[in-house]
Amino acid sequence: MNLKGRSFLTLKDYAPEEIMYLLDLAADLKAKKKQGITGNSLKGKNIALIFEKPSTRTRCSFTIGCIDEGGHPEYLGKDDIQLGYKESVEDTARVLGRMFDGIEFRGFKQENVEKLAKYSGVPVWNGLTDEYHPTQILADFLTLKERFGKLAGLKLVFVGDGRNNMANSLMIGSAKMGLDFVILAPKSLWPAGELVSLCEEYAKQSGGKITITEDTAAVAGADAIYTDVWCSMGEEDKAAERIALLSPYQVNAALMEKTGKDSTIFLHCLPAVKGKEVTEEIFEKFADVVFDEAENRMHTIKAVMVATLGEYDR
Ligand code: CP
Ligand code: NVA
């Protein structure tokens, strides 16, 4: 599989076989790291890490993943560069493209990560925008594969803000990989109809299924229940409104019970606000899975960089 030179802006751009390849590569790199083996596939490569929003996992994953493979990461925080307010995104992209071999971007507008890719001429990786968080899905799917040995046919239920970056990206990834995917959310927080239609098309191809509902009975039979914060970065002013809307959708013992299964796992992209989207009890019960998922950010992000920029034969 040759993904050299490709950007990773949204999972829409990747075929199911390509997503599976990235997951398999991540599993390989993870197994090697556990044996103390790191590589040199990014030797001589300089990687810019642009962060308009804060980050623990994504920043550390790009940094460690890059260094493990012999590359050099350079962090460019929101006060370090003047992206989009004193210099146009197009101009910053052209400058960075002359100096760096790859660029990660975390920020607000999806349009900006797309412009960076268009104007820099080097692979650009989306480390989260308001609309999508595609690298997170790779970590989630690697975690599901480790726990269940497969992806296709699993029932995954996302509960909470059904129109945020996580819900959107999980829907795209699940539709492509043949999962039975449910968004459980109040109607005012449902994803855009256009994206749902596109995902329904993907699901037809993969044998997957997409359901959007307000009914908590939809968790029945779930293999995994997933939630995320009720207020994403940049939406802190919506806290009161979201608490009112989403309190009936908290992941708690009663909701887990409604799956009717003992084997259901709980996933969270983190950071978590315990007592809001998930109770402390459920979070701690599934802490092993959730922190595997967090660790898997690093292995999967490393795989994305290695596949699109590095020299590695698999
Ligand atoms: N899950 C995730 O993207 O975490 P960070 O915001 O810490 O990068
Ligand atoms: N929806 C969250 C995801 C954090 C990883 C946010 O955008 O803040």
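Let me begin by describing the structure that accompanies this report. (Residues numbered from 1 in each chain as written. Chains lettered and ligands numbered in written order. Predicted model: local features only at pLDDT ≥ 70, side-chain atom pairs only at ≥ 80, totals over all residues. Heavy atoms only, no water.)

So, on to helix α5 (residues 134–148). Given a rise of 1.5 Å per residue, 15 residues ought to cover 21 Å, and the 21 Å separating the end C-alpha atoms of α5 matches this to within 8%. Extensive coverage of α5 is indicated by the burial of eleven of its 15 residues. (Helix = DSSP H or I, 4+ residues; strand = E, 2+ residues; numbered from the N terminus. Expected span 1.5 Å × (residues − 1). Buried < 20%, exposed > 50% of the residue type's maximum accessible area, 1.4 Å probe, protein only.)

Quick look at the site of ligand 1 now. The local shell around ligand 1 consists of Ser55, Thr56, Arg57, Thr58, Arg106, His133, Gln136, Cys269, Leu270 and Arg297. At 2.6 Å from an oxygen atom of ligand 1 is found a side-chain nitrogen or oxygen belonging to serine 55. A distance of 2.8 Å is found between an oxygen atom of ligand 1 and a side-chain nitrogen or oxygen belonging to arginine 106. Starting from 250 Å² of accessible surface for ligand 1 in isolation, the protein chains cover 96%. The cavity where ligand 1 resides is the largest pocket. Looking at the shell around ligand 1 residue by residue, the classes come out as two nonpolar, five polar and three charged. (Near = heavy atom within 4 Å. Polar contact = N/O pair within 3.5 Å; in protein donor to acceptor, adjacent residues only side chain to side chain. Areas by Shrake-Rupley, 256 points an atom, 1.4 Å probe, with all protein chains shown as cover. 1 Å grid on protein atoms, 1.4 Å probe; cavity = no way out; pocket = protein on both sides within 12 Å on 5 of 7 lines; lining within 4 Å. Sits in = over half its atoms within 2 Å of the grid points. Nonpolar A, V, L, I, M, F, W, Y, C, P; charged D, E, K, R; others polar.)

This part takes up unusual backbone geometry. At the junction of leucine 270 and proline 271, the peptide bond is cis and its omega measures out at 0 degrees in the coordinates. By the element assignment, proline 271 lies in the loop between β9 (265–268) and α10 (280–285). With a phi angle near 125 degrees, leucine 128 is a residue other than glycine that sits in the positive phi range. Tracing the sequence through the fold places leucine 128 in the loop between β4 (124–126) and α5. Assessed through its relative accessible area of 6%, leucine 128 is described here as buried. Mapped onto the fold, leucine 270 is located in the loop between β9 and α10.

Now for the sheet that holds strand β1 (residues 46–51). Each strand in a sheet pairs with another by means of backbone hydrogen bonds, the pair being arranged parallel or else antiparallel. Reading across the sheet, the four strands line up as β2-β1-β3-β4 and stay open at both edges, with parallel pairing between neighbours. Each edge of the open sheet is held by one strand with a lone partner, namely β2 (72–77) and β4. Averaged over all adjacent pairs, the angle separating strand axes in this sheet is 20 degrees, with direction ignored. As paired strands, strand β3 (residues 102–106) and β4 are joined by three bridges and run parallel to one another. By the bridge assignment, glutamate 104 is partnered in β4 with tryptophan 125. Across the face of the sheet, helix α4 (residues 110–120) comes into contact with β1, β3 and β4 while running at roughly 170 degrees to β4. (Pairing = 2+ DSSP bridges. Axes fitted to C-alpha atoms, helices over the stretch in contact; angles between N-to-C directions. Contact = heavy atoms within 4.5 Å.)

Once that is clear, we can look at the site of ligand 2. In the vicinity of ligand 2, the contacting residues are Leu128, His133, Asn164, Asn165, Asp228, Val229, Ser232, Met233 and Leu270. Residue serine 232 places a side-chain N or O atom 2.7 Å away from a nitrogen atom belonging to ligand 2. For ligand 2, the protein covers 95% of the area, taking 270 Å² as the surface of the free molecule. Because more than half of its atoms lie within 2 Å of the grid, ligand 2 is assigned to the largest pocket.

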